[in-house]
Amino acid sequence: MFKIGMITGALLATPAFANTNGSLLVDVDSVDVKRGGSLAVYVYTDSSNWLKPEKRVYGKIVPVTNKDMTVEITDVPYGEYAVSVIQDLNGNAKIDMDWFPIPGPAEPTGVSNNAEAGIGAPSFKDAKFQFSQPKLTLSIALDI
């Protein structure tokens, strides 16, 4: 019986059974403190749900306090993700759009890898990254 307990303990200590969750630290630059609101940080796993706040897999909303802020999202399983950040000025937890003269976000926004928007929003493909370490820091600059 003692040998079985030792073997089980040894197996649990191997990397195959190690914790595969970590924290995403999202450093957000260029927050417009004067405009206030909150930062909505959303994490997505695939392109079909990308930039749909109701379809995010993780998210956190914090009040705007500084020009540069860090938002931590904990207990995220290792995998492939993309992150979006909205400076939510009106508290509706989604990206508001301006349609005239040129369609685009009415609130400051940014995505992982600081992926650029071509025609339309930045793509999931350009924003995605591999997460496979206990802590990963992403730097996202907000644009309007």
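Glancing now at the environment of Asp-75. Within the element layout of this structure, Asp-75 appears in strand β4 (residues 69-77). Spatially, the C-alpha atom of Asp-75 lies 9.4 Å from that of Pro-134, the residues being 59 residues apart in sequence. Once residues lying within four places of it in the same chain are set aside, the contact partners of Asp-75 are Asn-21, Gly-22 and Tyr-58. A polar contact is formed between the side chain of Asp-75 and the side chain of Asn-21, at a distance of 2.6 Å.

Judged by nonpolar contacts, the single largest core of 22 residues is most densely connected at Val-26, Leu-39, Val-83, Val-85 and Phe-129. Secondary-structure elements contributing two or more residues to this core are β1 (21-29), β2 (38-44), β4, β5 (79-88), β9 (129-131) and β10 (135-141). With four residues, the top contributor of residues to this core is β4. Among residues more than four places away in sequence, those in contact with Leu-39 are Val-28, Val-31, Lys-60, Ile-61, Val-62, Val-64, Met-69, Val-71, Val-85, Ile-86, Gln-87 and Leu-142. Grouped together as the second largest cluster of nonpolar side chains are 10 residues, Ala-40, Trp-50, Ile-86 and Ala-115 included.

On a regular strand, one side chain projects to one face of the sheet and the next to the other, so that they alternate. Where β1 meets β4, seven bridges bridge the pair, whose relative direction is antiparallel. Opposite Leu-24, over in β4, you have Ile-73 as the bridge partner. One ladder, built from seven bridges, connects β1 with β10; its direction is parallel. Among the inter-strand pairings, Val-28 is bridged to a residue of β10, identified as Ile-140.

Glancing now at the pattern of salt bridges. Applying the stated rule across the entire model yields two salt bridges. Glu-72 is the partner of Lys-135 in a salt bridge, and the nearest nitrogen-oxygen pair spans 3.6 Å. One end of the pair, Lys-135, is in strand β10; the other, Glu-72, is in strand β4, with 63 residues separating them in the sequence. The salt bridge partner of Lys-128 is Glu-80, with a shortest N-O separation of 3.9 Å. Remark: Glu-80 occurs in strand β5 and Lys-128 occurs in the loop between α2 (124-127) and β9; sequence separation between them is 48 residues. A relative accessible area of 33% places Lys-128 in the partly exposed class. The class for Glu-80 is partly exposed, based on a relative accessible area of 34%.

The final tally for this structure, using the stated rule, is four aromatic pairs. Note on Tyr-44 and Trp-50: the rings are 5.3 Å apart at their centroids and 80° apart in plane angle, and the pair reads as edge-to-face. Trp-50 matches Tyr-44 in its accessibility class, with the two residues each being buried. Feature note: the residues Tyr-44, Trp-50 and Phe-124 constitute an aromatic cluster, connected by ring pairs.

Quick notes on the rules
Residues numbered from 1 in each chain as written. Predicted model: local features only at pLDDT ≥ 70, side-chain atom pairs only at ≥ 80, totals over all residues. Heavy atoms only, no water. Helix = DSSP H or I, 4+ residues; strand = E, 2+ residues; numbered from the N terminus. Contact = heavy atoms within 4.5 Å. Polar contact = N/O pair within 3.5 Å; in protein donor to acceptor, adjacent residues only side chain to side chain. Core = buried A, V, L, I, M, F, W, Y, C linked by side-chain atoms within 4.5 Å. Buried < 20%, exposed > 50% of the residue type's maximum accessible area, 1.4 Å probe, protein only. Pairing = 2+ DSSP bridges. Salt bridge = Lys/Arg side-chain N within 4 Å of Asp/Glu carboxyl O. Phe/Tyr/Trp six-rings, centres within 6.5 Å; stacked < 30°, edge-to-face > 60°.

Taken by themselves, the reported measurements are silent on function.
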